[in-house]
Amino acid sequence: MRVIIEPNYEELSLWAAQYIAYRIKKHKPSPKRPFVLGLPSGSTPLGLFKYLAQYYKDGTLSFENVIFFGMTEYAGIGAGDPHGFQYFLWDNFLKFVNVKKEHVYFLNGLTTDFAKECAAYEKNLHKYGGVHLFVGGIGVEGHIAFNEPFSSLTSRTRATMLAQSTIHANSRFFDNDEKKVPTIALTIGIGTMMEAEEILILASGSQKAAAIQATVEGNLTHACPASCLQMHPQSIIACDDAAAAQLSQKTIAYFKELGRHSI
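Residues numbered from 1 in each chain as written. Predicted model: local features only at pLDDT ≥ 70, side-chain atom pairs only at ≥ 80, totals over all residues. Heavy atoms only, no water.

Asks: Give me the layout of surface pockets: which residues, what numbers.
Replies: Summary: where empty space remains is shown by rolling a probe the size of a single water molecule over the atoms. Of the pockets and cavities examined, the largest pocket occupies roughly 570 Å³. Lining the largest pocket are 33 residues, with Ser41, Gly42, Ile138, His143 and Asn170 positioned closest to its centre. Looking at the lining of the largest pocket, the elements that each hand over two or more residues are strand S4 (72-74) and helix H5 (164-170). Partitioning the lining of the largest pocket into residue classes produces 16 nonpolar, 14 polar and three charged. (1 Å grid on protein atoms, 1.4 Å probe; cavity = no way out; pocket = protein on both sides within 12 Å on 5 of 7 lines; lining within 4 Å. Points joined across faces, edges and corners; volume = space filled by probe spheres on them. Helix = DSSP H or I, 4+ residues; strand = E, 2+ residues; numbered from the N terminus. Nonpolar A, V, L, I, M, F, W, Y, C, P; charged D, E, K, R; others polar.)

Asks: Tell me about the packing of aromatic side chains, and please be specific about residues and values.
Replies: As enumerated under the stated definition, the model contains 15 aromatic pairs in all. With a centroid separation of 5.6 Å and 80° between ring planes, the pair formed by Tyr74 and Phe174 is classed as edge-to-face. With a gap of 100 residues between them, Tyr74 in strand S4 and Phe174 in the loop between H5 and strand S8 (184-187) connect regions that are remote in the sequence. For the pair Tyr74 and Phe174, one class covers both residues: buried. Taken together, the ring pairs in this structure connect Phe49, Phe63, Phe68 and Phe93 into an aromatic cluster. Above the plane of the ring of Tyr51 lies Lys50, whose end atom (NZ or CZ) is 4.8 Å from the centre. (Phe/Tyr/Trp six-rings, centres within 6.5 Å; stacked < 30°, edge-to-face > 60°. Buried < 20%, exposed > 50% of the residue type's maximum accessible area, 1.4 Å probe, protein only. Lys NZ or Arg CZ within 6 Å of the ring centre and 35° of its normal.)

Asks: Describe the side chain of Thr160, listing the residues and the values that go with them.
Replies: Relative to the elements of secondary structure, Thr160 occurs in strand S7 (residues 158-161). Those residues in contact with Thr160 that sit more than four places away from it in its chain are Phe146, Thr183, Ile184, Ala185 and Thr187. (Contact = heavy atoms within 4.5 Å.)

Asks: An account of empty space enclosed by the protein is needed here, citing residue identities and associated values.
Replies: Applying the stated criterion to the full structure yields one cavity of 30 Å³ or more. Within this model, the largest cavity holds a volume of roughly 30 Å³. Taken together, Leu39, Pro40, Ser41, Gly70, Met71, Thr72, Phe85, Leu89 and Phe106 make up the full set of residues lining the largest cavity. Considered class by class, the residues forming the lining of the largest cavity number six nonpolar, three polar and no charged.

Structure, rendered in structure tokens:
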């Protein structure tokens, strides 16, 4: 595991965008050899999306041969619903770059057969030979995607109940009304995610500090799903100073020194 610690949200977003651009360019994607990228939603990646869109506008990065996978969707919410993650990603990022619609895969929240929909999602992942880079956020209690605490660390893409803490956090997208937030969602599984070549998790703000400490320095446990990243051969936690605040000073010093020598 690598831990990147930047001073603030803006510099964290810039680092993440530069790293993703680096990974795409290094891969040299082509129609027969696309780069497969998993995308998160929520407020944390907004800065990252801004920089990636600017790289495309500047002509320094193309997404023509990039395959995108959204990681989650609320049950009962369709593609055109502004509360949905598919809508969010198109509205905040995908519409600003040269993505092909046939290169974008989402879980269908309006499905009447959760198992069939999730199996189809996994089949599409395998069609491209797996994911090169999954980018995600982290919940205040350590959830990744919608893999809530005590999710199996070998779980596959599935429908799951949302924890009250997640419903509360996401109510800001539903007029701050928790009753409007769906209680079931479709999510990529932890086991599915762990099959990716690389995983990059972003965290900003003091409210994420306990989760980052548990993920980096705590025990491997399904009580903190993100701790599974300790077992991944190429995982990166990228956070700002506020999110890193509960790490030991020794850990912070080590990773800040290490970070000076690599992208």
